[in-house]
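If you want the building blocks of each chain, they are given just below.
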Amino acid sequence: MASSSSSSPPQPQPPPGSRPPPPFAPQNPTPTPASLPPSFSNMHISRAPPPFASPGGPPPGNGPVPPSSIRAPQAPPPGARPLPGSPPPPFAARPAAPIQQQQQQTPPPFGGPPAALASQPQRPTFGGPPQRAPPSGVSQPPPPFGGPPAAVSQAAAPFSGPPAAASQPPLFRGPPAAAAAPVQPAPIGGAPFSAAQPAPFGGPPGAVPQTAPSGGLRPPFGGLQQPQFGGPPQFGAARPGAQPPPFGAQAAPASQPPPFMGPPGGNAQAFAPPAWQGQARPGAVSGVMQQSMRMPGMPGGMPPNALGQGMPPVSTPTMPYSPHAGAQVATPSKIDPNQIPRPIAETSVIIFETRQGGQAAVPPPASSEFIVKDTGNCNPRLMRCTMNQIPCTGDLLTTSGMPLALLVQPFALPHPSEEPIQLVDFGEMGPIRCSRCKAYINAFMRFIDQGKHFICNLCGFSNDTPREYFCNLGPDGRRRDADDRPELCRGTVEFIATKEFLVRDPMPAVYFFLIDVSMNAVHTGATAAACSAIQQALTDLPEGPRTMVGIATFDSAIHFYSLKRAQQQPLMLIVPDVHDVYTPLQTDLILPISECRENLEQLLESIPNMFENNRVADSAFAAAMKACFLAMKSTGGKLLVFQSVLPSVGIGSLSAREAEGRSNISTGDKEAHKLLQPVDKTLKTMALEFAEYQVCVDVFLTSQSYVDIASISVVPNTTGGRVYYYYPFSALSDPAKLFNDLRWNISRPQGFEAVMRVRCSQGLQVQDYYGNFCKRVPTDIDLPAIDSDKTIMVTFKHDDKLQENSECGFQCALLYTTVFGQRRIRVINLSLPCTNMLSNLFRYADLETQFTYVVKQAANGIPSIPLSQVRDQVTSTCINILQSYRKYCASVSSSGQLILPEALKLLPLYTLALIKSIGLRNDGRLDDRSYWVSIVSSISVLLAVPLVFPRMIALHDLTSRDDDDSLIPNPLTLNSENIHDDGVYLLENGEDGFVYVGNSVNPITLEQIFGVSSLAGVSNQLVLEQFDNELSRKVNEVVNEIRRQRCSYLRLRLCKKGDPSGDFFRSLLVEDKAPGGLSYVEFLVHVHRQIQSKMT
């Protein structure tokens, strides 16, 4: 552990008084006031009170920053080092080259360095040290998610991905952009600011020569020899006449970029969600910001106004509707369907400074694309609040009807252009903390008495400043070194943990694979798919002596394998007792991967053959997990379980409840929701023990029948893992997804043996936590593992009044171990203004965060109350919020108008989508609903909205679009008016992609996309191939781009008109009227009537 005297390598300083020019001007157009053509006379826009009516004056925005507020780069203070979790600072660390210069350097896809600049030192983001050896006497910071600390000069390939063969074209290509393209916004994988930008996640490009590491240490997450996200080996029959690609990997001609799963041989760079950092489309120029990668069609159609608030001009949409006009629900002629609120595709990139002029700025919508400059408040990707002004009293919060909650995603992936989170080492002294509430030092703690004391921003206690930390105050009352110390000027920092934070030595990175080899698993191909996925994913495990692996298989007995190198072949050890399990050896079951890789690979190749004639149909799932846990108990680690059938023998065995569920639901049994609860407490008790010993369980369910996810999901949900669900499992299409899911699971940013606590200002208290964790004490949550996809929701309640015009502080502290065994504390701070004005709560409400809260609360209620009650609660939440606004804030008095607050105008549409979602609709399988609940428990704000309000695009006309347009076309509204019989459409929710094909599609179009002129007899489990034509290339580009955006390998399903699959597709069009469900217009009428009845 470096001492506090160490410092980072010196950074070039500009001449005194100079400031680096901003890389590009903040794109914050001033929107014109909403005006409507005469034809929309039905729709009245009522003006709300003028913006920023609060006494404190206008909150700061995101517009052009006055020169005085841009600080010149400072040398880091002793002990501060850039955390290798992000690229170097784009905003202050170096002057940006003019755009004309930058255009000459084309960065390759996957964020690697341009070939011309390959000699420059590259600091990969979750990777090892830079290529050049550091100057003597300068200690290198140990990366959190990257290579083990080493002074070895090496070309680090961050997050896997060696260069493929030099001739190999890169992946995920968009259409070539014209070199003279106008300055466009950057996608989250857009061109970086300057050509010297490092490669944050995905591996280096194929064209850049790389030297092998000199010194035996391989770069983390994949070495220089492995294929990057290459396709798994092939299962299934060959296509006549050609060498088939694996799992439908697209067999592209040599001139085409290789598609998602790559050609046979596994050399292709296939699906790599992390590669979105710095991933430029071919032909794009470095200085040109490309089309936004935000989720089109998600809310975010709120251009920042002149004050840069990221908020729209404060205008209130109103919808005239007269209750006296007859039976309006059937024909609501007064609401113009073309004028009702819908999401607007956002195309510009927002430069967001978290605080300006000493005040919190309102963050852009989670689904928009933004680049954050952390100036005191944290990056909103890491922590967002449901409202950006905090009510002073509990009564005001209750009146508003809105929730007060934080959504915390501590390892959220950064935008490639954002500064790194700084790593601070206080040496043996440890981080400075408030002696009363134990809050960590942060930018909102106030120093007084010439710096001798500091006042905690959360509890108000006055603390003595430690002698080693003393610094005089400047004329502005701030410490003179405040801008040099990350903990005093940044919203997020990471501290090196001292011995007081260690209960034991940091745990090694242990990965234990447990594979179902029962008869059904072997016959469906699930066992072979699991073995193949593990074998290829081994290269993505963090490299180094601390990475350990183990493997076991199970049917009605448990089979362990000793992988010691000394043995000629792995040794099988069988545990037949599945009621009182034990581990057959105390050692040799879990070994460093460097000692057993060959034996493990040999074993994985032979397991499908060893069990190919297995006639045992039973599965001892829980007993096998318990036996593996006993082997892992001394270390902790990740247990990855591949399960195919209902657990039927041994402890924790389950029975088929689905038949009972079907009859209950059809007879309207009020107790039907009990089938969505775990069958008993056995698995919960087991999961609590796993969590206590830091074992995280992920379950991959490759099933073709009911497996009781309600019971099984308890284990991953309690241990910080998740359920992956492949139903019905197809050996043709699902192995590719299984491999990519496993690969991302082990290679994404993550930490082990974590403890998290959220603190807040006096006047508020934490009410509850929601997510995938174990809670033993009221204040903390235990997370055996936490990763970049997991979000924790924290709710608050008032226990006193907050002072108006003061600020309310929130601090999340996460103590965790990196995959390379360093103990760290990530501290995330947010300070928001307090208000007594109800109108401010609505003006600064965060729609997507509030809606994510509603989705999580609904999922929480599904197992405990009837579905009809959950739907009623969701609807009444929406109605109560809108009624409060109508009653207390709206200036329009006409009772015939539905008045919506601008910030929440999409709330009714999203509420309707939630009511019609898989989780809340009456039809559907029990396992599908239980899976939906388990996904929602840890879902991020970014993915919660599309999960219930999917995105639909037309595929048949992609070739008619200009290549200058964004890669993904603007989404269509979710109603059947947009579905034509001669069209092909893709609807995706982040988990699944449904491809709908009309009855009258041109056979040539079918041939181009699917390779067949008729879809009769084609399986619904779609394998998308790439053919030698423009349309096929564009369809593949769109699908790959969506997979990259969602960090998920979309499972594709073919839906045909006239088929049950086509009916299912139409049921996802949430604006349409459905059996037992209202259309969007009807729902607005219903909401309006409910508000009117409450008002009278």
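This text follows the structure it describes.
First, a word on what this report is: a plain description of the structure on this page. Only a predicted model underlies this, so the values are computations on that prediction, with no experimental measurement involved.

## Some details on the overall build of the protein
- Across its full length, the protein carries 22 helices and 34 strands.
- Here the protein holds 1096 residues, and the buried ones make up 64% of them.
- Relative to all contacts within the protein whose residues are 6 or more apart in sequence, the contacts with residues 24 or more apart total 78%.
- Per element, the accessible surface of the protein, about 37900 Å² overall, is 53% carbon and sulfur.

## What about the sheet that holds strand β27 (residues 792–798)?
- Here we have four strands laid out as an open sheet, ordered β8-β10-β27-β25, and antiparallel in their pairing. The sheet is open, and its two borders are formed by β8 (383–385) and β25 (764–770), each paired with just one other strand. On average, each strand axis in the sheet is tilted by 25° relative to the strand beside it, whichever way the strands run.
- In this sheet, β27 lies alongside strand β10 (residues 405–408) in antiparallel orientation, the contact comprising four bridges. Among the inter-strand pairings, A405 is bridged to a residue of β27, identified as T795.
- Its contacts with the sheet put helix α14 (residues 847–861) on β8, β10, β25 and β27, and the angle it makes with β10 is roughly 90°.

## A few points about the side chain of S884
- Among the secondary structure elements, S884 is positioned in helix α15 (residues 867–888).
- Side-chain polar atoms of S884 contact the backbone oxygen of T399, separated by 2.7 Å.
- Those residues in contact with S884 that lie beyond four places of it in its chain are T399, S400, L838, F842 and C889.

## A look at the packing of aromatic side chains
- Summed over all chains, the structure comprises 20 aromatic pairs.
- One aromatic cluster in this structure is built from F426, Y440, Y469 and F495.
- A cation over an aromatic ring shows up here: R479 above the ring of F447, its NZ or CZ 4.8 Å from the ring centre.
- Over the aromatic face of Y469 sits the side chain of R479, whose NZ or CZ is 4.3 Å from the ring centroid.

## A look at helix α9 (residues 682–692)
- Of the positions making up α9, those classed as buried are L683, M686, A687, F690 and A691. Seen end-on, α9 carries its buried residues on one side only, within an arc spanning 140°.
- Buried residues along α9 sit against α7 (621–632), β22 (695–701), α10 (709–712), α11 (714–719) and β26 (781–787).

## Structural notes on the pairing of strand β28 (residues 807–817)
- Summarising burial for β28: ten of the eleven residues are buried, a large majority.
- Sheet topology note: the strand β24 (residues 750–760)/β28 ladder contains seven bridges and is antiparallel. Considered in β28, the bridge of M756 is made with L814.
- Between β28 and strand β29 (residues 823–835), which pair antiparallel in sequence order, lie five residues; one of them, G821, sits at a positive phi of approximately 85°.

## Focus on the nonpolar core
- Ranked by internal contacts, the top residues of the largest apolar core, which has 162 residues, are F810 and W932.
- With ten residues, the top contributor of residues to this core is α7.
- Other than its neighbours up to four places away in sequence, W932 contacts V855, A859, I862, L914, S917, I918, G919, L920, L947 and V948.
- Counting 43 residues, the second-largest nonpolar core is a separate cluster that includes I515, L603, L640 and F700.

## Digging into the environment of F513
- Following the sequence through the fold, F513 ends up in strand β16 (residues 509–516).
- Each C-alpha atom, one on F513 and one on C628, is 9.0 Å from the other, the two residues being 115 residues apart in sequence.
- Those residues in contact with F513 that sit more than four places away from it in its chain are I534, L538, V549, G550, I551, A552, L640, F642 and L742.

## A short note on the packing of α15 against helix α16 (residues 907–915)
- Interaxial distance between α15 and α16 falls to 10 Å at its minimum, and their mutual angle equals 175°. When the interaxial angle is binned, α15 and α16 end up roughly antiparallel. Here R871, V874, T875, C878, I881 and L882 of α15 lie close against α16, whose contacting residues are L907, P908, T911, L914 and I915.
- Taken together, the residues that form the contact of α15 with α16 break down as eight nonpolar, two polar and one charged.

## Notes on a nonpolar patch on the surface
- A surface patch of nonpolar side chains, about 260 Å² in accessible area, is lined by M572, I574 and M610.
- Within the secondary structure, M572 is located in strand β19 (residues 571–575).
- Under the relative-accessibility criterion, M572 is labelled partly exposed at 32%.

## Some remarks on α16
- Burial of α16 is extensive: nine of the nine residues sit out of reach of the surface.
- Regarding α16, the residues found buried are L907, P908, L909, Y910, T911, L912, A913, L914 and I915.
- Looking at the buried positions of α16, the neighbouring elements they touch are α14, α15, α17 (926–936), α18 (941–948) and α22 (1080–1095).

## Digging into the pairing of strand β4 (residues 349–353)
- The buried fraction of β4 amounts to five of the five residues, a majority that puts the element mostly inside the structure.
- Burial along β4 is two-sided: the residues V349, I351 and E353 and I350 and F352 are all buried.
- Of the strand pairs in this sheet, β4 and strand β7 (residues 369–373) are connected by five bridges, and their pairing is parallel. Paired with V349 across the strands is E369, a residue of β7.

## Re the pattern of salt bridges
- Scanning the model with the defined rule gives 36 salt bridges in all.
- K626 is the partner of E689 in a salt bridge, and the nearest nitrogen-oxygen pair spans 3.9 Å. Of this pair, E689 sits in helix α9 while K626 sits in helix α7, and the two are 63 residues apart along the sequence.
- Put simply, E988 and R951 hold a salt bridge, and the shortest N to O gap is 2.7 Å. Taken as a pair, E988 in strand β32 (residues 984–988) and R951 in strand β31 (residues 951–954) lie far apart in primary sequence, 37 residues in all.
- For E988, a relative accessible area of 1% corresponds to the buried category.
- Bridged by salt links that share partners, the residues R479, D481, R485 and E487 form one connected network.

The rules we used
- Residues numbered from 1 in each chain as written.
- Predicted model: local features only at pLDDT ≥ 70, side-chain atom pairs only at ≥ 80, totals over all residues.
- Heavy atoms only, no water.
- Helix = DSSP H or I, 4+ residues; strand = E, 2+ residues; numbered from the N terminus.
- Buried < 20%, exposed > 50% of the residue type's maximum accessible area, 1.4 Å probe, protein only.
- Contact = heavy atoms within 4.5 Å.
- Areas by Shrake-Rupley, 256 points an atom, 1.4 Å probe, with all protein chains shown as cover.
- Pairing = 2+ DSSP bridges.
- Axes fitted to C-alpha atoms, helices over the stretch in contact; angles between N-to-C directions.
- Polar contact = N/O pair within 3.5 Å; in protein donor to acceptor, adjacent residues only side chain to side chain.
- Phe/Tyr/Trp six-rings, centres within 6.5 Å; stacked < 30°, edge-to-face > 60°.
- Lys NZ or Arg CZ within 6 Å of the ring centre and 35° of its normal.
- Arc of directions from axis to C-beta.
- Core = buried A, V, L, I, M, F, W, Y, C linked by side-chain atoms within 4.5 Å.
- Parallel < 35°, antiparallel > 145°, perpendicular 65-115°, else oblique.
- Nonpolar A, V, L, I, M, F, W, Y, C, P; charged D, E, K, R; others polar.
- Patch = residues over 30% accessible without salt bridge, like charges linked within 9 Å, V, L, I, M, F, W, Y side chains within 5 Å.
- Salt bridge = Lys/Arg side-chain N within 4 Å of Asp/Glu carboxyl O.

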